[in-house]
Amino acid sequence: MAEYFGTKIDDIFNTMEQRFLPQGAQGVDASIGYNISGEVGGTWKLTIKDGTMNLESDVGDLTGCAVVLNADAETFVGVTLGKIDAGDAFSSGKVAVNGDLTILGNVLPKVFVPFTPVVRAEAIIESMPERFRPDKAEGVNMKIGYDLAGDDGGQWTVIVKEGECFLKESLEADCTVTMRMDAQVFVDLNTGKLDGAEAFSSGKIAIDGDMGAAGTSAKLFAKFEVPGADEKHGEELISLKCVPSINQRYATGPLMGKWFKGLKEKKFYATRCPKCGRTQVPPREICAACRVRSEDFMEVGPNATVTLIDTVYYASPDPLTGKIRETPYVALFMVMDGSTPDQSFSHELNPKDINRIKPGMKVRPVWAKKRTGSYTDLVYFEIDD
Amino acid sequence: MAKKKKNRNVGIIGVGQTEYSSHKEYQNQAEMVNEAVRYALADANLSLDDIDCVIHGNMELFEMVHQPDMWHSLGSGAFGKDQLRITTGGTTGASLVCAADNLVASGMYDVVMAIGLEKLQEGHTTGGITNMADPLWFRHLQTGALTGSTASMMIEEFGEERAKIAAMKYRILMDKHACLNPRAHRRLGLDYDQMENLMNTSPKLVGELRLIHMCSQSDGACVMIFASEKKAKKLSDKPVWIRDHITIHREETFNNFGIERPEWTMRNAARKLFERNGIKDPLKYFDVFEMYDPSAWWGLDWLREFLLLDGDEHLKLLENGEFDLDGKLPVNPSGGVTASNPIGATAMLRPAEAAMQIRGDAGPQQIRKKVKHALASGFGGTMWTVMVMLEKELNW
Amino acid sequence: MKRIAICAVAQHKCNSNQWDKRFQGMLLDVLEEIQEQTGFTFDEDTGVRNVITCSDDVFDARTISDNGVTDVVGAHYRGEEKMAQEGLNGLGYAMASILAGHDDVIYLAGHCKESQPESRNVCTNLAYDPFYGRPMGLDFLNVAGLQARAYVEKSGLTQQQMAKVVVRARQWAARNPYANATDQVEHGEVMASPMICDPIKSLHIYPISDGAVGFLLASEERAHEFSDNPVWITGFGCCMDSYFMGDRDIASNFALKKAAGRAYKMAGIKDPKKAIDLVEVMDCYAYQQPMWLEGLEFCKDGKGPKFIDESGPAKYNVNLSGGMLAGNPLMIGGLYRAAEAALQLMGDAGEHQAADVKRAVVQSTTGGAGQFHTVLVLEQ
């Protein structure tokens, strides 16, 4: 099977059970579909419910899933390993998501230990010449045979001669010592998951030939480092969260003060520039264009004509409350009745009108039942029909 | 220059940029500043002793640091020196270039080093931008710098298909340029055959403004060194001259979407700048335009404004490849803002990259034809514009 | 010598809680006053094309805080640049813009409302790096305490002398219509006020203040169009010290001496004691008055306390505005100092006018414990 970044697609799915965190899955009820394209792709359906997971492969039809992740194999593996930036992959269309995108971000990190590359016997053996320590091999000449059984197994001979180390992809007849075991046992021995002496005494390892040489051979090679383990043993990124919070007391000034008072009375006040006559709503101390104080109040609206519609899909936090806005919502730009045509006023649209609203339509304000002279007095606008 | 003659000319003699990327976890802000400062000094072949004044700019509320130039002095080299701090939102980087020009031209300083930086990934960008709106009324509605208004206006004017294709083509062109720029943050490797797919499947942000169209949020710093004409000629064999600059702001409120719409500040600034410099045909005059394009839609729309074009002239130029590297007027050889956006530095990258184009050492994104006249723009606030004109020769 | 003109100044009276106006309203008052004094316009050919503002995003709790003032400083379809340090630096930058030839008339306006955030100390805590200084709880008040302690050790400054400074500040503030804290205090009252940050007592600390201030600046050629009696900026210098308190000799006035040296040099001043008739220092805390006066060379190192006892401040017309101690907001404390100095030079300082003022020096700080100083020289 093809490998990307040293990992097979199957590794990611085959390790899901062992990486599953039941405690993180409490209260989760989700079905996630994976639609991986390419030769080594496939379809998987992951169902998480009642604190357990169920993974089906070759599903074919993923329509029942709450969210489906579509990607080619290389991108999928790359993003999973962090070798490809998820944001870039998403922006450039290499990863496409149907359904509720938030499930991927909210559920997956809670229910799984992050995937780290599966270590294979082959990789360990192939790294032996690199890990060879000539300073420990003075006067040592030997041939170490490895006969590993299983799917990821194979036969190799590691030759140590005159301070150098070579690898052969076959089992030589004249090995000084030959070690036979299951490939997974070999991996576990080299990744610290299994103790050598225990494995030997429990019959997991068979050694033919010079036992002493077996012991010596271990000292000739530096420890195998699991890729990605460097980040664990190296510097750890420590994250401290600190939320500075400074309450603010804003003055409205007399003009905005009158505006808010007006809202309480279901009225919209504007100021009119004494020079150019433009109406500013909400009222502002000065006409920015004429640079003269403008304090002539007048009423405008309450209805308005829509000039521009912005349908917002991106949920951003409200900086005053920290709450994430519900999307989609529509930001309306409108010219109030009685206002000069060059001055737009903006507010939100009643969600029920999202599909009907068009520029040119008339809208009317919807007021809160209880009004206190604040922003919340004006709930939104809706189509006036 | 407007009324008076400039007291003395100012040349750019050094440019330093960090790579632009996602969160630089390995560097704090002062260290990142220092990296760019070292590059700029090396580029100019100067030491800190040669710098008379340091100017600094970033939008501190993104990183939530009060008076950050104080902390950044650890890396800026401002110790013992004059130091000023100018911050104007998205236009900060360009304002710093204008300020450096003023400071050196005045005779008060001979060599000024300007530092623009941001570590956007140390804050919430959209939240930070929303925070620019008045807290009592307008903040509730604003969603950062995101709006679909330009897209809907362009769709109305040119038809949905042509407009969407043009915006996508522009976006892909920017990405192709970014892929040449070793410092660019996002190099997506897009191709024109993805246009159809991307313009219909990229998630919508606001209206037709989709994720693919929008600028990145980057960490990075840019530093430029400026010197008086006399010193620039002595210290550098390829100084780039600042011919003129203009800043045009707009009132506090986004009230400009009424039935009648005002002239955009881009066109207003361009008109004034070109008129007072006797430039009748900017498309012909300039050899490169590093434009601050926060989204593909804005970038495309503003090309018409900046170049004082009409109708669909800008679309035709795009469709005919005239904004490509080998076109009539290459736009954003660096990849522009959609590729890299460290806000406090972004507007400085524009004149920085333009200056390198004039010098001929912009790297893989270098334009083949000789570059003698460059234009750079900055954007920020409530649709503010800053424009800077750079020249290879003192030709005015 | 190169110089630019201050044609007019306008100060908004400082209050501890200007609840009835938002800062836009305060700035509009200032603009109108300047327009009334000078008749200047924003005409693109004959008037102001570029504006310099001074404000702080953290104190305003507003990203791009200059965005909020655009309308009331006339920057609509004009240029505007925000000077994000203490405002005195804005005057230096205006000087550069005019001397460069880029502009010949500039309007400069600064504002700050310390009453808006619930704690100005939490605001300044954010000036410290997030990893060490901030969690330790450093802010401009307690680092001032550290500096005050170091200065006391070096110079022998006493509580009595600090009380003298405060009493005198209030006496002068009472004659300044723009000052905030004009209540008179007795020596004993200051001495008995609660210890806030040893050796800083509560009455040594500048009161929380809201304010706004504006200037009209012009080139030499055009100054006469706006004023019969302009005042000239002839010297400017500023300087940055190290950031970490432990890296600095915090009683040494390192940055102030350099800044003053550069400003005096530009203004052609060799002996400030002889050349200067009036001084305005930004004394946020009482100990800073004698300390900054040392840095400005009005007395020798360590002799600030003696200078106080010998009535040096009276002799040199120090802080006839009442100084920062009488209450101005942090980010524009220096601009208020410059406004006072300008009025004195113009002869418009009313009840607190000094005689024969021909040359003045103005100082401000930015950052904690005077990490950054700015000095301006003004003359008739």
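Being a predicted model, the structure only gives us computed values, none of them experimental. (Residues numbered from 1 in each chain as written. Chains lettered and ligands numbered in written order. Predicted model: local features only at pLDDT ≥ 70, side-chain atom pairs only at ≥ 80, totals over all residues.)

Asks: Give me the overall build of chain A: which residues, what numbers.
Replies: Scanning chain A from terminus to terminus reveals 13 helices and 20 strands. Compactness check: chain A gives a C-alpha radius of gyration of 34 Å against a globular reference of 21 Å for 385 residues, more than 25% above the reference. On the principal axes, the C-alpha backbone points of chain A span a range of 105 × 45 × 35 Å. With 385 residues in all, chain A has 33% of them scored as buried. Residue pairs at least 24 apart in sequence account for 62% of intrachain contacts in chain A once pairs closer than 6 positions are excluded. (Helix = DSSP H or I, 4+ residues; strand = E, 2+ residues; numbered from the N terminus. Rg over C-alpha atoms; globule rule 2.2 N^0.38 Å. Buried ≥ 20, exposed ≤ 12 C-beta atoms within 10 Å, placed from the backbone. Contact = placed C-beta atoms within 7 Å.)

Asks: Any details on the overall build of chain B? Residues and values, ideally.
Replies: Helix and strand content of chain B: 15 helices and eleven strands. Taken over C-alpha atoms, the radius of gyration comes to 20 Å for chain B, in line with the 21 Å a tight globule of 396 residues would show. Dimensions of chain B, computed from C-alpha atoms along their principal axes, come out at roughly 55 × 45 × 40 Å. Within chain B, the fraction of its 396 residues that count as buried is 67%. Put simply, of all contacts in chain B between residues at least 6 apart along the chain, 80% involve residues at least 24 apart.

Asks: Break down the interface of chain A and chain B for me, citing the residues and quoting the values.
Replies: With 36 residues of chain A in contact, the opposing surface of chain B contributes 45 residues. The element contributing the most residues to the side of chain A that touches chain B is strand β16 (residues 304-312) of chain A, with five residues. Taken together, the residues of the side of chain A that touches chain B sort by class into 19 nonpolar, eleven polar and six charged. (Nonpolar A, V, L, I, M, F, W, Y, C, P; charged D, E, K, R; others polar.)

Asks: Describe the interface of chain C and chain B, listing the residues and the values that go with them.
Replies: Contacts between the two partners involve 49 residues from chain C, matched on the other side by 52 residues from chain B. Elements represented by at least two residues in the side of chain C that touches chain B include exactly α2 (57-60), β3 (79-83), α3 (88-99), α4 (120-125) and β8 (231-240) of chain C. Considering each element in turn, the side of chain C that touches chain B owes the most residues, six residues, to α3(C).

Asks: If you had to explain the nonpolar core to someone new, which residues and values would you point to?
Replies: B:A114, B:M224 and C:L217 are the most contacted members of the largest nonpolar core, which totals 311 residues. Sort the elements by how many residues they give to this core and helix α15 (residues 343-359) of chain B lands first, with ten residues. Non-local contacts of C:L217, meaning those with residues more than four positions away in its chain, are made with C:I4, C:A5, C:I6, C:C7, C:A94, C:I98, C:I106 and C:L108. One finds A:A30, A:W44, A:C65 and A:V107 within the second-largest nonpolar core, a separate group that totals 27 residues. (Core = buried A, V, L, I, M, F, W, Y, C linked by C-beta atoms within 7 Å.)

Asks: Tell me what's going on with the sheet that holds strand β3 (residues 82-85) of chain B, and back it up with residues and numbers.
Replies: Residues and elements named next belong to chain B. The strand order β3-β2-β4-β7-β1-β8-β11-β10-β9 describes an open sheet built from nine strands, whose pairing is mixed. Sheet topology places β3 and β9 (288-290) at the edges, where each strand pairs with a single neighbour. Ignoring strand direction, the axes of neighbouring strands in this sheet form an average angle of 25 degrees. (Pairing = 2+ DSSP bridges. Axes fitted to C-alpha atoms, helices over the stretch in contact; angles between N-to-C directions.)

Asks: A description of the pairing of strand β7 (residues 210-218) of chain C should follow, citing residues and the corresponding values.
Replies: All names here are of chain C. Extensive coverage of β7 is indicated by the burial of nine of its nine residues. Residues of β7 alternate between two faces, with D210, A212, G214, L216 and A218 on one and G211, V213, F215 and L217 on the opposite face, all of them buried. Across six bridges, the pairing between strand β1 (residues 4-11) and β7 is antiparallel. Pairing of V9 across the sheet is with F215, part of β7. Where strand β4 (residues 105-113) meets β7, nine bridges bridge the pair, whose relative direction is antiparallel.

Asks: Tell me about the packing of helix α10 (residues 265-276) of chain B against helix α12 (residues 296-306) of chain B, and please be specific about residues and values.
Replies: All names here are of chain B. Look at α10 against α12: their axes get within 8 Å of each other, and the N-to-C directions meet at 30 degrees. Both α10 and α12 take part in a crossing whose hand is right-handed. In contact with M266, R267 and A270 of α10, α12 contributes W302, E305 and F306. The residue inventory of the contact of α10 with α12, partitioned by class, reads four nonpolar, no polar and two charged. (Left-handed = near helix turned anticlockwise from the far one by under 90°.)

Asks: Can you tell me about the packing of helix α6 (residues 149-158) of chain B against helix α7 (residues 160-180) of chain B, naming the residues and giving the values?
Replies: The description of two packed helices rests on the angle between their axes and on the distance between the axes. All names here are of chain B. Two elements in contact, α6 and α7, have axes whose closest approach is 7 Å; the angle formed by their N-to-C orientations is 130 degrees. Considered as vectors, α6 and α7 are oriented oblique to each other. Here α6 runs over α7; the crossing is right-handed. Only E160, R162 and A163 of α7 make contact with α6, whose side of the interface consists of M154, I155 and F158. Here the residues of the contact of α6 with α7 are counted per class, giving four nonpolar, no polar and two charged. (Parallel < 35°, antiparallel > 145°, perpendicular 65-115°, else oblique.)

Asks: Which residues make up the domain arrangement of chain A, and what values go with them?
Replies: Partitioning chain A into domains gives domain 1 (9-111), domain 2 (121-219) and domain 3 (253-383). Using only C-alpha atoms to locate each centre, domain 2 of chain A and domain 3 of chain A end up separated by 77 Å. (Domains from an automatic or database assignment.)

Asks: Residue-level account of helix α7 (residues 159-173) of chain C, with values.
Replies: Given 3.6 residues to a turn, an α-helix orients residues that are three or four positions apart in the same direction. Residues and elements named next belong to chain C. With 15 residues, α7 should cover 21 Å at 1.5 Å per step; its first-to-last C-alpha distance of 21 Å lies within 8% of that length. Within α7, eleven of the 15 residues are buried, which leaves it mostly tucked inside the rest of the structure. Taken residue by residue, α7 has Q161, M162, A163, K164, V165, V166, R168, A169, R170, W172 and A173 as its buried positions. Where α7 is buried, its residues contact α8 (187-192), α12 (288-295), α13 (304-309) and α14 (312-315). (Expected span 1.5 Å × (residues − 1).)

Asks: Can you tell me about unusual backbone geometry, naming the residues and giving the values?
Replies: The residue after A:V281, namely A:P282, is reached through a cis peptide bond having omega 0 degrees. Its place among the elements puts A:P282 in the loop between β12 (279-280) and β13 (286-287). With an omega dihedral of 5 degrees, the bond running from A:G301 to A:P302 counts as a cis peptide bond. Checked against the element boundaries, A:P302 lands in the loop between β15 (296-300) and β16. Unusually for a residue other than glycine, C:N253 sits at a positive phi of about 55 degrees. Mapped onto the elements of the fold, C:N253 is located in the loop between β8 and α10 (254-267). Phi is positive for C:E297, close to 75 degrees, though the residue is something other than glycine. Mapped onto the fold, C:E297 is located in the loop between α12 and α13.

Asks: Give a description of the sheet that holds strand β3 (residues 52-57) of chain A that names residues and reports values.
Replies: Residues and elements named next belong to chain A. What the five strands build is an open sheet, ordered β3-β2-β1-β4-β5; its pairing is mixed. Edge positions in the sheet fall to β3 and β5 (95-99), since each of these pairs with one other strand and no more. Recorded for the sheet is a direction-independent mean angle of 15 degrees between the axes of neighbouring strands. When strand β4 (residues 67-72) meets β5, the two strands line up antiparallel, connected through five bridges. Directly across from N70, in β5, lies its bridge partner A96. Along the sheet, helix α3 (residues 73-81) contacts β1 (30-37), β4 and β5; its crossing angle with β4, the most-contacted strand, is approximately 110 degrees.

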